[in-house]
There are 2 protein chains.
Amino acid sequence: MSSGELKADSNRIIKIIASVSSPREFESPYIREADAVEIRLDLMTEPVGDRLSRLRASFTGPIILTLRSSDEGGAFAGGTTGFWERVSPYLPDADMVDLEIRFRDHAPRCRNLKKTVVASCHRNEMLTAGELENLITELRSFGDIPKIAVQPQTRDDLLTLLSVCSGCQHEVIMSVTGTVFRYARPLLSLFGSLYTYCYIDSPTSPGQYSLREMQLLAYLLTPGFVDPWFEGRPVRSGDASAFEERAKKYREFSG
Amino acid sequence: MSSGELKADSNRIIKIIASVSSPREFESPYIREADAVEIRLDLMTEPVGDRLSRLRASFTGPIILTLRSSDEGGAFAGGTTGFWERVSPYLPDADMVDLEIRFRDHAPRCRNLKKTVVASCHRNEMLTAGELENLITELRSFGDIPKIAVQPQTRDDLLTLLSVCSGCQHEVIMSVTGTVFRYARPLLSLFGSLYTYCYIDSPTSPGQYSLREMQLLAYLLTPGFVDPWFEGRPVRSGDASAFEERAKKYREFSG
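Note that the structure is a prediction, hence the values are computed from the model and not measured.

## A short note on the overall build of chain A
- When its secondary structure is counted, chain A shows nine helices and nine strands.
- By residue count, 56% of the 255 residues in chain A fall in the buried class.
- As presented, chain A carries roughly 10,600 Å² of accessible surface, and 49% of it is formed by carbon and sulfur atoms.

Structure, rendered in structure tokens:
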């Protein structure tokens, strides 16, 4: 199965954000394979110039602007005013803005500009189910899509995280900090997280998967369906090209 | 990372049983990459001959004999006496015997022969947490390792399954029937299931992953650890050979 076919697969649950830390990555052929792109402005040392406009012109998914603070795992050490100065020049080419709680005062003007607000919180510790739910409520009070990353310490913590994520009635992005439970990243997508963050050239967060790794996971962890052309055998096992061939025949037959 | 290195990786959580349905598969080079082998006697149409003895001589992991009944997804339609006639010739080359509840009367003699009893139950429906726990108790009453495969219908069912599996105080194998939630198979290993069943040449159960697919999943879903030689970057992303090199240096340094 080619990556293009994978991206188009309507059965796929895991949706990938390519989190990019250099304007050079805007031109990577991999970026088109992502469902969305996060521009990590706090990590960009080279000038962006008109490269973001060119990405905007060619990329059809959402583009998210993120200026991650040093308190939450990023490289931006400035305050509220500095935040706006860094982010606002790029707003015309973006669909969403990531706002940590400390930058929540910018939410109304982002919304006035018709930008979706990703309200985010990153913690190097685990929270209880109740604390997670309260945090989601707080984030939703100023943003459209809450994004929470916490650090499970045990399998029970991970179950709590999956369960809270699965129970969300609205869109949510959930992830983990730290490397030990990095495998929670694809799992959270299976339990309702809207996206998972991946990298193209270099990780923007410890434990992050590369886009290619996550594509493999997205393919392997896609729900199966019974293919009547294969005598009830599972179609998503074994050779992917044979699957495509059978799936085409099946669509012709059933269409 | 070679498959040999993957098999030896002490961090790996997902342990793989190669479920084989033909004696020809005994000679497959892939079989050595599995942690255990299940001989699906009910699916073998060719004579086994001395091929199982040769496998026994070369394979270091456990060998499990399984004669799956037609009521539980297999091809054996016989009764208790027929079961013993089919299974007993191969016992000298096996470590474990899979016994469904209907064949539980054979448990004492399997144990007398120092064979571990996998007490199994396969259902094309979902059970509640309480029913699953009762079933585990029933299976443990005659076997050493309960093996349960049920069919989740919703994400909540899957959470129930992961949670019951994770809470087991003793060894347990948990899996799913059906293709839709096939991705529960690797997930259950992450939450305590001792093994996951995979195929080499052809699936022995709908939705089963191939050994190669599961090896990829086992690699990608292995917990990470912080590698001080890589400035806190996650080690399990990107190039695997570089990881191995760094990990070796790290072990030398810390050992």
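## Side note on the sheet that holds strand E1 (residues 16-20) of chain B
Residue and element names in this part refer to chain B.
- Spatial ordering of the open sheet is given by E7-E6-E5-E4-E3-E2-E1-E8-E9, a layout of nine strands whose pairing is parallel. What marks the edges here is a single partner per strand, and that holds for strand E7 (173-176) and strand E9 (209-210).
- Sheet topology note: the strand E2 (residues 36-40)/strand E3 (residues 63-66) ladder contains four bridges and is parallel. Bridge assignment links Val37 to a residue of E3, and that residue is Ile63.

## Here we look at the relation of the copies chain B and chain A
- Note on the identical chains: chain B maps onto chain A by a rotation of 180 degrees and an axial translation of 0.0 Å, with an RMSD of 0.0 Å. What we have between these two chains is a two-fold relation.
- By residue overlap, the copies meet face to face through one surface: 100% of the interface positions of chain B are interface positions in chain A.

## Here we look at helix H5 (residues 129-142) of chain B
Residues and elements named next belong to chain B.
- Here H5 contains 14 residues, and its C-alpha end-to-end distance of 21 Å stays within 8% of the 20 Å for a straight helix at 1.5 Å per residue.
- Residues of H5 that are buried include every one of Leu132, Leu135, Ile136, Leu139 and Phe142, and no others. Buried residues along H5 cover an arc of 130 degrees about the axis, so they all sit on one side. For H5, the exposed residues set more than 90 degrees away from the buried face come down to Asn134 and Thr137.

## Points about the environment of A:Ile145
Residue and element names in this part refer to chain A.
- Looking at where Ile145 falls in the secondary structure, it is placed in strand E6 (residues 145-150).
- Ile145 sits 49 residues away from Leu194 along the chain, and the two C-alpha atoms are 9.1 Å apart.
- Sequence-distant contacts of Ile145, defined by excluding residues within four places in its chain, comprise Met96, Thr116, Val117, Val118, Ala119, Glu171, Val172, Ile173 and Leu194.

## Concerning the interface of chain B and chain A
- Counting from both sides, the interface comprises 40 residues of chain B and, opposite them, 40 residues of chain A.
- Here chain B and chain A share an interface that buries about 3,400 Å² over both sides, 64% of which is from carbon and sulfur atoms.
- Per-residue buried area on chain B facing chain A is highest for B:Arg155, B:Tyr183 and B:Leu220; these three make up 18% of the total on that side.
- Remark: the boundary between chain B and chain A carries eight residue pairs in polar contact (both at pLDDT 80 or more).
- Only helix H6 (155-167), helix H7 (184-190) and helix H8 (211-220) of chain B provide two or more residues apiece to the side of chain B that touches chain A.

Rules and cut-offs
- Residues numbered from 1 in each chain as written.
- Chains lettered and ligands numbered in written order.
- Predicted model: local features only at pLDDT ≥ 70, side-chain atom pairs only at ≥ 80, totals over all residues.
- Heavy atoms only, no water.
- Helix = DSSP H or I, 4+ residues; strand = E, 2+ residues; numbered from the N terminus.
- Buried < 20%, exposed > 50% of the residue type's maximum accessible area, 1.4 Å probe, protein only.
- Areas by Shrake-Rupley, 256 points an atom, 1.4 Å probe, with all protein chains shown as cover.
- Pairing = 2+ DSSP bridges.
- Least-squares fit on C-alpha atoms with pLDDT ≥ 70 in both.
- Contact = heavy atoms within 4.5 Å.
- Expected span 1.5 Å × (residues − 1).
- Arc of directions from axis to C-beta.
- Buried area = accessible area lost by both parts, 1.4 Å probe.
- Polar contact = N/O pair within 3.5 Å; in protein donor to acceptor, adjacent residues only side chain to side chain.

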